[in-house]
Amino acid sequence: MAVVVLVLAATAAALSGGRQGGPTRVAVDTGSPGRAVPAPFLGLSMEWTSLASYGGPARPGIVALLRRLEAPAGAPLPLRIGGASGEESWWNPSHRGPRPPGVRHDIDPASLAALAGLARGLDAPVTMGLNLQDGDDRNALALARAAQRRLGGRLEGLEIGNEPDLYTAARTFGPPAVRRLRKRVRYTPADYVRDAGRYLDALAAGLPAPSRPRLVIGGFAGSPAWPPTLPRLIARHPGTVGAIAAHRYGLSGCELGGDADSSRAKLLATQASRERMAGLEPLVAIAHAHRLPLWVAELNSAPCGGAPGASDSFAAALWLTDALFALVRAGVDRAAVQTFDGAVYAPFARRGGEAVARPPFFGMLAFARAAPRGTRLVPVRIAGGGRVRAWATEARDGTVRVALIAGVDARSVRVRIATGPGRPCATVRVTSAPALAARAGIADRAPRTVCPRGGAVPVEVPGPSLSVVTLPARAG
């Protein structure tokens, strides 16, 4: 068994609430590799209503920012377009009227051109949401055909519906203010199987294989009665379903309640990241039993645009890195971070023609740096004092990457990495903030090279922070 040991010792404010703590040892077992990070894994989900903003003058800045995620991940950033707005949109290239009940947004050639521009800039596959609630499978097919003509091979998936288990609920949330319409007076899992099945048949007939995009089902908000319908839907339409979608948020419910401090504390608890993500394992099992991928089509810290003071704080970055690793461990095949223009939980904001990184972006970035495509999760054991979480991966060439999540207000943590003989110098990337509540002032520091001294690599890790330590393979 090959083991890399990291020894963390608090040097300032103790990690356990102000008391001086002992050293924390993080042992990485590179002799027991686990699941490989799928490629591509990390993605971005956006609403149809944000496409004009993201695909307009700000597009070059957004593409440049998101390319910062693609480079360390070694894979394109898949785009998913849809969300709640997908159930209130239709293909209407000539803007004819009147719109069907429940439809408030037109999708036209300019929409598809904006989407194509983003996909081309990122060299990314696209999954497009289709309106299921209006029951118009012919309009959905027309949209799919138009998108296929515009996007070509980049159109990877067509997602049938969005959160049908919430069709009977109307919601207003924000900022910015978003009003979600009530779609049906009554809607059951059996209704979904019938309606989604009709769409599967229409799309399969109208988009011949092998060029047909994956047809994606699921995408439930979390009601437990709905996932058991998926095997029945798949069995009734053999060879048609191409993927299963899921949604996952760290905090549950639009009415979150409590103050920002309380929301941040809940977000940083393992229940919000590791346990919530592990809760998808039964759905992963359904997908994999049918040899289908499980895609988390929406992932973020809190639903309904996010929790102010938490989803837009550095705590959201810490949560997101932890959650993404937990999803890989749970068997998920892709995870798209949800956003819309101006959302509290948005990973970036538009500033004229530029895109400015916000706290969740740095959580995505730390994950991309620590878990490039094809690397394998390796077990991590933590012993001693200190509230630090760790994940580790190993590449085929033996490079070990360790992600350290320090969610406390310690001023500095000293890390000693016991490398053994022959291990070259390490590279350290640290992203830190003045406090967990920080929305601005996040510092993504330049990489530092730290060489072994006395069989260990000494590294200073501030808190709160996200740090990625890269240990190249031993020379020779």
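Overview of the structure. (Residues numbered from 1 in each chain as written. Predicted model: local features only at pLDDT ≥ 70, side-chain atom pairs only at ≥ 80, totals over all residues. Heavy atoms only, no water.)

### A word on the overall build of the protein chain
Now for step 1: Scanning the protein chain for helices and strands turns up 11 helices and 26 strands.
Now for step 2: Across the 476 residues in the protein chain, those meeting the buried criterion constitute 58%.
Now for step 3: Taking contacts inside the protein chain between residues at least 6 apart in sequence as the whole, the part at least 24 apart equals 78%.
Now for step 4: With the model as given, the accessible surface of the protein chain reaches about 17900 Å², and the carbon-plus-sulfur share is 52%. (Helix = DSSP H or I, 4+ residues; strand = E, 2+ residues; numbered from the N terminus. Buried < 20%, exposed > 50% of the residue type's maximum accessible area, 1.4 Å probe, protein only. Contact = heavy atoms within 4.5 Å. Areas by Shrake-Rupley, 256 points an atom, 1.4 Å probe, with all protein chains shown as cover.)

### Looking at the state of the cysteines
Now for step 1: In the structure shown here, the tally under the stated rule is 1 disulfide.
Now for step 2: Paired by a disulfide, Cys-425 and Cys-451 hold their sulfur atoms 1.9 Å apart. On the sign convention where negative is left-handed, the bridge of Cys-425 and Cys-451, at about 100° about the S-S bond, is right-handed. Highlighted residues: Cys-425 in the loop between strand E21 (413–418) and strand E22 (426–432) and Cys-451 in the loop between strand E24 (448–450) and strand E25 (456–461), separated in sequence by 26 residues.
Now for step 3: Under the relative-accessibility criterion, Cys-425 is labelled partly exposed at 28%. (Disulfide = S-S within 2.5 Å.)

### Things to note about the pattern of salt bridges
Now for step 1: Throughout the structure, instances matching the rule amount to 21 salt bridges.
Now for step 2: The partner of Arg-80 in a salt bridge is Glu-159, and the shortest N-O contact between them spans 3.0 Å. You can see Arg-80 sitting in strand E4 (residues 79–82) and its partner Glu-159 sitting in strand E8 (residues 155–160), a full 79 residues away along the chain.
Now for step 3: We note a salt bridge from Arg-154 to Asp-123, for which the minimum N-O separation is 3.4 Å. Residue Arg-154 is located in the loop between helix H4 (137–151) and E8, and its partner Asp-123 is located in the loop between helix H3 (109–122) and strand E7 (126–130); the two are separated by 31 residues in the primary sequence.
Now for step 4: According to the relative accessible area criterion, Arg-154 is partly exposed, its value standing at 28%. (Salt bridge = Lys/Arg side-chain N within 4 Å of Asp/Glu carboxyl O.)

### Concerning the environment of Tyr-187
Now for step 1: Turning to its location among the elements, Tyr-187 is positioned in the loop between strand E10 (178–180) and helix H5 (189–206).
Now for step 2: Ignoring sequence-local partners within four residues, the contact set of Tyr-187 consists of Leu-132, Pro-164, Tyr-167, Thr-168, Tyr-192, Asp-195 and Trp-226.
Now for step 3: A polar contact is formed between the side chain of Tyr-187 and the side chain of Asp-195, at a distance of 2.8 Å. (Polar contact = N/O pair within 3.5 Å; in protein donor to acceptor, adjacent residues only side chain to side chain.)

### Focus: the pairing of E4
Side-chain direction in a regular strand flips from residue to residue, so the side chains alternate between the two faces of the sheet.
Now for step 1: With burial as the criterion, each face of E4 is covered, one bearing Leu-79 and Ile-81 and the other bearing Arg-80 and Gly-82.
Now for step 2: Relative to E4, strand E3 (residues 42–47) is paired through 4 bridges, and the arrangement is parallel. When the sheet's bridge partners are listed, Ser-45 is paired in E4 with Arg-80.
Now for step 3: Pairing between E4 and E7: 3 bridges, direction parallel. Pairing of Arg-80 across the sheet is with Thr-127, part of E7. (Pairing = 2+ DSSP bridges.)

### Some words on the packing of aromatic side chains
Now for step 1: By the definition in use, this model includes 11 aromatic pairs.
Now for step 2: With centroids separated by 5.3 Å and ring planes inclined at 80°, the aromatic side chains of Tyr-192 and Phe-220 adopt a geometry described as edge-to-face. One end of the pair, Tyr-192, is in helix H5; the other, Phe-220, is in strand E11 (residues 214–220), with 28 residues separating them in the sequence.
Now for step 3: A relative accessible area of 0% places Tyr-192 in the buried class.
Now for step 4: Classification of Phe-220 by relative accessible area gives buried; the value is 6%.
Now for step 5: Look at Phe-361 and Phe-362: their rings are 5.7 Å apart centre to centre, the planes differ by 85°, and that puts the pair in the edge-to-face class. You'll find Phe-361 and Phe-362 in the same group, each marked buried. (Phe/Tyr/Trp six-rings, centres within 6.5 Å; stacked < 30°, edge-to-face > 60°.)

### A word on the packing of helix H8 (residues 271–278) against helix H10 (residues 314–330)
Now for step 1: At their nearest, the axes of H8 and H10 sit 8 Å apart, and the two run at 20° to each other. The orientation of H8 relative to H10 falls into the category roughly parallel. In terms of crossing hand, the pair formed by H8 and H10 is right-handed. Contact with H8, carried on its side by Ala-272, Ser-273, Arg-274, Met-277 and Ala-278, involves Trp-319, Asp-322, Ala-323, Ala-326, Leu-327, Arg-329 and Ala-330 of H10 and no other residues of that element.
Now for step 2: Looking at the contact of H8 with H10 residue by residue, the classes come out as 8 nonpolar, 1 polar and 3 charged. (Axes fitted to C-alpha atoms, helices over the stretch in contact; angles between N-to-C directions. Parallel < 35°, antiparallel > 145°, perpendicular 65-115°, else oblique. Left-handed = near helix turned anticlockwise from the far one by under 90°. Nonpolar A, V, L, I, M, F, W, Y, C, P; charged D, E, K, R; others polar.)

### Here's the deal with unusual backbone geometry
Now for step 1: Look at the link from Ala-39 to Pro-40: it is a cis peptide, with omega at -10°.
Now for step 2: In this fold, Pro-40 is placed in the loop between strand E2 (24–29) and E3.
Now for step 3: Positive phi outside glycine occurs at His-95, with the angle close to 55°.
Now for step 4: Here His-95 lies in the loop between strand E5 (89–91) and strand E6 (105–107).
Now for step 5: One non-glycine residue with positive phi stands out, namely Arg-291, at about 55°.
Now for step 6: Its location among the elements puts Arg-291 in the loop between helix H9 (281–289) and strand E13 (294–300).
Now for step 7: Overall, the relative accessible area of 80% leaves Arg-291 in the exposed class.

### As for H3
Now for step 1: In this model, H3 (14 residues) spans 20 Å end to end at C-alpha, consistent with the 20 Å of a helix rising 1.5 Å per residue.
Now for step 2: Listed in full, the buried residues belonging to H3 are Ser-111, Leu-112, Ala-114, Leu-115, Ala-116, Gly-117, Leu-118, Ala-119 and Leu-122.
Now for step 3: N-capping of H3 is provided by Asp-108, with a side-chain oxygen placed 3.1 Å from the backbone N of Ala-110.
Now for step 4: One or two positions beyond H3, positive phi appears at Asp-123, with a value near 50°. (Expected span 1.5 Å × (residues − 1).)

Treat this as a map of the structure, not an account of what it does.
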